[in-house]
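What follows is each chain in one-letter form.
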Protein chains: 2
Amino acid sequence: MAAPTVVALAGGVGGAKLADGLQALLGGRLSVVVNTADDCTRHGLLVMPDHDTVLYNLAGIEQPGLGWGIEGDTHAVMDQLGVYGEPTWFSLGDRDLALHIARTAAVRAGARPTEACLAAQRSLGVAARILPMADAPVATAVRTAEGWLEFQEYFVHRRQAPEVLELRLDGIDAATPTPEAAAAIDAAGAIVIGPSNPLVSIGPILAVPGMRDRLAAARGRGARAAAVSPIVGGRALKGPADRMLASLGHEPTALGVARLYADLVDVFVLDAVDAALAPEVEALGLEALVTDTVMADDAARVRVAAEVLRGVGVA
Amino acid sequence: MAAPTVVALAGGVGGAKLADGLQALLGGRLSVVVNTADDCTRHGLLVMPDHDTVLYNLAGIEQPGLGWGIEGDTHAVMDQLGVYGEPTWFSLGDRDLALHIARTAAVRAGARPTEACLAAQRSLGVAARILPMADAPVATAVRTAEGWLEFQEYFVHRRQAPEVLELRLDGIDAATPTPEAAAAIDAAGAIVIGPSNPLVSIGPILAVPGMRDRLAAARGRGARAAAVSPIVGGRALKGPADRMLASLGHEPTALGVARLYADLVDVFVLDAVDAALAPEVEALGLEALVTDTVMADDAARVRVAAEVLRGVGVA
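Model, not experiment: these values are computed from the prediction. (Residues numbered from 1 in each chain as written. Chains lettered and ligands numbered in written order. Predicted model: local features only at pLDDT ≥ 70, side-chain atom pairs only at ≥ 80, totals over all residues.)

**Observations concerning the overall build of chain A**
Part 1: Of the regular secondary structure elements, chain A holds 13 helices and 14 strands.
Part 2: Over its C-alpha trace chain A gives a radius of gyration of 18 Å, about what one expects of a compact globule, namely 20 Å for 315 residues.
Part 3: Oriented by its inertia axes, the alpha-carbon framework of chain A measures out at about 55 × 50 × 40 Å.
Part 4: A total of 315 residues make up chain A; the buried ones form 54% of that total. (Helix = DSSP H or I, 4+ residues; strand = E, 2+ residues; numbered from the N terminus. Rg over C-alpha atoms; globule rule 2.2 N^0.38 Å. Buried ≥ 20, exposed ≤ 12 C-beta atoms within 10 Å, placed from the backbone.)

**Remarks on the interface of chain A and chain B**
Part 1: Each partner contributes residues to the interface: chain A has 24 residues there, and chain B has 24 residues.
Part 2: Looking at the side of chain A that touches chain B, the elements with two or more residues in it are α3 (76–83), α4 (94–108) and α5 (113–123) of chain A.
Part 3: With 10 residues, α4 of chain A is the largest single contributor of residues to the side of chain A that touches chain B.
Part 4: Here the residues of the side of chain A that touches chain B are counted per class, giving 13 nonpolar, seven polar and four charged. (Contact = placed C-beta atoms within 7 Å. Nonpolar A, V, L, I, M, F, W, Y, C, P; charged D, E, K, R; others polar.)

**Regarding the sheet that holds strand β7 (residues 147–150) of chain A**
Residue and element names in this part refer to chain A.
Part 1: Pairing is antiparallel across the open sheet formed by three strands, whose spatial order is β7-β6-β8. In this open sheet, the two strands that pair with only one neighbour each are β7 and β8 (166–170). Strand-to-strand twist of the sheet, defined as the mean angle between neighbouring strand axes without regard to direction, takes the value 30°.
Part 2: The pairing of strand β6 (residues 139–144) with β8 spans five bridges and is classified as antiparallel. (Pairing = 2+ DSSP bridges. Axes fitted to C-alpha atoms, helices over the stretch in contact; angles between N-to-C directions.)

**Comments concerning the packing of helix α1 (residues 13–26) of chain B against helix α13 (residues 298–311) of chain B**
Residues and elements named next belong to chain B.
Part 1: The contact between α1 and α13 brings their axes to 7 Å, and the two run at 75°. In this view, α1 runs roughly perpendicular relative to α13, as classed from their interaxial angle. Of α13, the residues touching α1 (which contributes K17, L18, D20, G21, L22, A24 and L25) are R301, V302, V304, A305, A306 and L309.
Part 2: Along the lines of polarity and charge, the residues of the contact of α1 with α13 split into nine nonpolar, one polar and three charged. (Parallel < 35°, antiparallel > 145°, perpendicular 65-115°, else oblique.)

**Some words on the sheet that holds strand β5 (residues 129–132) of chain B**
Residues and elements named next belong to chain B.
Part 1: Pairing is parallel across the open sheet formed by seven strands, whose spatial order is β5-β2-β1-β9-β10-β13-β14. Looking at which strands have only one partner, the edges of the open sheet turn out to be β5 and β14 (287–291). Neighbour-to-neighbour, the strand axes of the sheet open up by a mean angle of 25°, direction not taken into account.

**Quick notes on the confidence of the model for chain A**
Note: predicted coordinates in regions of low pLDDT should not be interpreted at a detailed level.
Part 1: A residue-level look at chain A finds 100% of positions with pLDDT of 70 or above and a mean pLDDT of 96.
Part 2: Taken together, the chains of this predicted complex give a pTM of 0.93 and an interface ipTM of 0.92. (pLDDT = per-residue confidence, 0-100.)

Here you go:
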């Protein structure tokens, strides 16, 4: 029997780090289904932040310590775009822009975003496949005291400061899982939900019509599923997930995240600092897997990935 | 009476140098109508080589010694586009690309190319106005022994090596002078045809339906017109104009150029090395103005511009 394949669901930084660890162990047996609801058009170019964060991590060229971009990238284009009056708060490096330029050209020429992304992955020598959740555009909007904001306006320009009162996924009803994502899930021997924001990173993936049913069908065929908590000690390791959980009526703890995923996974991975929550996670019907989940270096990425794979029964 | 305005017609390098000298003397009284028939789409972005060469010259940031780009520009984007398999023979610098990105975004959002170009000129503090000959796309094609080639394929990729057997201007019948170019010509106190390739730089401007009539009407109202030879001593100072004149049945000399412009101008400016051709130029019914036309530095640009303005009677 062929070695089992694994599908990971991921948003930005946390999911990208775990995917990188999984790739180190699985190589081409890994497919990563990424959120596209924070994709946007900047300067007329299609930008896919979550795909690209995963891409650069899996290619080993990510900018350390930040959630976007390429290590050592320069900013000549952005500086000059500012001269032409273009807004510069969404900073894109020069080498990063090359991806947006090439992919936008391919999509305008008729390629699906997935096809353009797969071509870029091959160019960068990535072993795994990074699959947009959908090719049709989906856009997260965030309601705040000031009204509805486009996601990057909230996330980058406002630095996630406004309290989030409501989420909306424009276009989600017309979206379908891409053929590639659907096929990967249908063939998956295990499913891993990465430590990404459950509401605005993993949430949109799960909201694509048909996605939950497809994941459930995979589990029905014997695939085990695990989720890794993005909340450690009541705080998001990166980003606004903790405050967003609270303002949207969820408990801003690993347990709150476990509740969101209770019907989707068999195993819930908790950080050691949250070990005391394990009985309550188990009371939800989940196996609690307690380990150090902070992925501060490459070795930690691989170690956490190995623990998760052990949890879902993949060698 | 207001000081007269001047319209210059220009292609790339030679026309840009003269326009720079004219701008030094005329400031905002200068409008430059530029060829758009070698505009092209590269990596999904609208590139306007002649407009941009004039723009960078008038902004004082042109790359010295080359016919394109910004002085000291870097090439991070282009190098990375090569990684993604994009052709890299049409090299675009990073700061140069910012213009193509911003302008393409504006045009896709509904602006006319002229409007996007004028915005860029204002951003770079250019005193004159640089006006595309037409907003509708026009594309020069070049027939060679290998068949028809797109202009930049011939000009940049093949380095103008193939002999040109025929020219074609796709889209020219549907083009009209832009409102801005038309208004500038209608108000012009003088017209200057720059030392650009008469066949593929000035030729397309003159081929825009209505353009010749409009120039003739301006002369009918008293505007004097001059042309500066791009051929000096039987050689083009830059580019393939000499070989192209010969292969398309014209005499590859200043006199051959004078014949092409005989019904368009009052004054023909010859380089001192071609002084012996002056009687033959005058036999065409033109005034021959003999001077040193080589614009090797900024002072020479201003000096030649001053000579030309004297020739057309503009102080």
